[in-house]
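Each chain, written out:
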Amino acid sequence: MTISVDHDRRRLDILEQAFFLFAESGYRGVTYQKIADRCGISRTSIYRYFQNKEQIFDFAIKQATGKLNTMIEKVSERKEISAKEKIKRILHITTKLLADNRLFMIVVLDYLLSQKSTGTDVRRKVRRHTFGMKHLLEGLLRDAAEQGELSVPNPQVAAAHLFGMLESFVLNLTVTGILDAKDCIYLIDNYVEQLGTRN
C-alpha cells in the first residue's frame, strides 16, 4: 500500500517548524538535522523541498511577510476610510506585528549580519522585502495630498521618513529595547499630523 504525501502541507510544515527553530536558536544555531528532527522526517526528505538552510529562511520570511501583506491589503482596499487613516492603520498594524515577533526580528538581524560577514550584499535581500511597503506609503501619501487631507510636497521623502521610523523601531526592538510599540505609534501619528491638513 502506497502512502500518499501531501507535499504542499509538508512544505508548509517544514517552514513552520523551521520558523520556530530560527526564533529559538538563531540562524547559525539551526541545522538541517535540527529541522528534520523537529519535523519528524529524514534530512534527505527536506532536500526535496528546499536546497539549503538559506532558502528555508527566505521562505520563512516570505511566509511571515505574507500575513502582514494580507492585513495591509485589507486596509488599503477599504473605500470608506481616508488615505490618511489608511497610512496610520497600516503603520500601526506593522508596528504591532513587529513587536509581537520581536524574537524572530532578532533572528532576521542575526541572519543579515551572518550573511554580511560572508561578503554577501544584503541590501538586495532587504530591498526585496521592503520595497512594497515604501511604494504603498508613497502612493497613499500622494492620494492624501490629492484629496487635500495632508500637505505632502514630496511623497517619496515623506514615505522614506515614515519607513525610517519603522526601521528605527526594528533597531530598538532587536538591539536596545528602548522604544516600545506605543512610542513608535505615537511618533508615526505625530509625524502624519505634522504634515498638516490643507484648509
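Scroll up for the structure.
Residues numbered from 1 in each chain as written. Predicted model: local features only at pLDDT ≥ 70, side-chain atom pairs only at ≥ 80, totals over all residues. Heavy atoms only, no water.

### What to know about the packing of aromatic side chains
Within a pair of aromatic rings, the relevant descriptors are the distance that separates the centres and the angle that separates the planes.
For step 1, the next point in the chain: Taken as a whole and judged by the stated rule, the model has 8 aromatic pairs.
For step 2, the next point in the chain: Judged by centre distance (6.0 Å) and plane angle (90°), the rings of Phe19 and Phe20 are edge-to-face.
For step 3, the next point in the chain: We classify Phe20 as partly exposed; its relative accessible area is 46%.
For step 4, the next point in the chain: Aromatic pair Phe57 and Tyr111: ring centres 4.2 Å apart, planes at 35°, arrangement tilted. One end of the pair, Phe57, is in helix H4 (residues 53-76); the other, Tyr111, is in helix H6 (residues 102-117), with 54 residues separating them in the sequence.
For step 5, the next point in the chain: Judged by its relative accessible area of 2%, Tyr111 is buried.
For step 6, the next point in the chain: Here the aromatic residues Phe22, Tyr27, Phe57 and Tyr111 are joined through ring pairs into a cluster of three or more.
For step 7, the next point in the chain: A cation sits over an aromatic face here: Arg11 above Phe59, 4.8 Å from the ring centre.
For step 8, the next point in the chain: Across the ring face of Tyr27, the terminal group of Lys53 is positioned such that the distance to the ring centre comes to 4.3 Å. (Phe/Tyr/Trp six-rings, centres within 6.5 Å; stacked < 30°, edge-to-face > 60°. Buried < 20%, exposed > 50% of the residue type's maximum accessible area, 1.4 Å probe, protein only. Helix = DSSP H or I, 4+ residues; strand = E, 2+ residues; numbered from the N terminus. Lys NZ or Arg CZ within 6 Å of the ring centre and 35° of its normal.)

### Remarks on the pattern of salt bridges
Side-chain pairs of opposite charge can arise where the charged atoms are in close proximity.
For step 1, the next point in the chain: Overall, the coordinates contain 9 salt bridges when judged by the stated rule.
For step 2, the next point in the chain: In this structure, Asp110 and Arg28 form a salt bridge, with 3.4 Å as the shortest nitrogen-oxygen distance. You can see Asp110 sitting in helix H6 and its partner Arg28 sitting in the loop between helix H1 (7-25) and helix H2 (32-39), a full 82 residues away along the chain.
For step 3, the next point in the chain: According to the relative accessible area criterion, Arg28 is exposed, its value standing at 54%.
For step 4, the next point in the chain: In this structure, Arg89 and Glu85 form a salt bridge, with 3.1 Å as the shortest nitrogen-oxygen distance. Taken together, the residues Arg89 and Glu85, both in helix H5 (residues 83-100) and 4 residues apart, mark about one turn of the helix. (Salt bridge = Lys/Arg side-chain N within 4 Å of Asp/Glu carboxyl O.)

### Some points on the nonpolar core
For step 1, the next point in the chain: Ile87, Leu141, Leu150 and Leu162 are the most contacted members of the largest nonpolar core, which totals 33 residues.
For step 2, the next point in the chain: Secondary-structure elements contributing two or more residues to this core are H4, H5, helix H7 (122-146), helix H8 (155-176) and helix H9 (181-194).
For step 3, the next point in the chain: Counting 24 residues, the second-largest nonpolar core is a separate cluster that includes Phe22, Tyr27, Tyr49 and Tyr111. (Core = buried A, V, L, I, M, F, W, Y, C linked by side-chain atoms within 4.5 Å.)

### Examining the environment of Leu21
For step 1, the next point in the chain: Considering the arrangement of structural elements, one finds Leu21 in helix H1.
For step 2, the next point in the chain: When its relative accessible area of 5% is taken as the criterion, Leu21 is described as buried.
For step 3, the next point in the chain: Along the primary structure Leu21 and Lys34 are separated by 13 residues, whereas in three dimensions their C-alpha atoms are 8.0 Å apart.
For step 4, the next point in the chain: Leaving out residues up to four positions away in the same chain, Leu21 has contacts with Gly26, Val30, Lys34, Ile35 and Arg38. (Contact = heavy atoms within 4.5 Å.)

### Things to note about the packing of H1 against H6
For step 1, the next point in the chain: Running from N to C, H1 and H6 cross one another at 80°; their axes reach a closest spacing of 8 Å. When the axis of H1 is compared with that of H6, the two are roughly perpendicular. Here Phe19, Phe22 and Ala23 of H1 come into contact with H6, specifically with Leu103, Phe104 and Val107.
For step 2, the next point in the chain: Of the residues that constitute the contact of H1 with H6, the class distribution is 6 nonpolar, no polar and no charged. (Axes fitted to C-alpha atoms, helices over the stretch in contact; angles between N-to-C directions. Parallel < 35°, antiparallel > 145°, perpendicular 65-115°, else oblique. Nonpolar A, V, L, I, M, F, W, Y, C, P; charged D, E, K, R; others polar.)

### Considerations on the packing of H4 against H6
For step 1, the next point in the chain: It is the contact of H4 with H6, at a shortest axis distance of 12 Å, that shows an interaxial angle of 140°. Between H4 and H6, the angle is such that the two are oblique. Considering only the axes of H4 and H6, their crossing is left-handed. Two secondary-structure elements touch here, H4 through Glu54, Phe57, Asp58 and Ile61 and H6 through Phe104, Val107, Val108, Tyr111 and Gln115.
For step 2, the next point in the chain: Taken together, the residues that form the contact of H4 with H6 break down as 6 nonpolar, 1 polar and 2 charged. (Left-handed = near helix turned anticlockwise from the far one by under 90°.)

Scope: geometric values only; no functional claims are made or implied.
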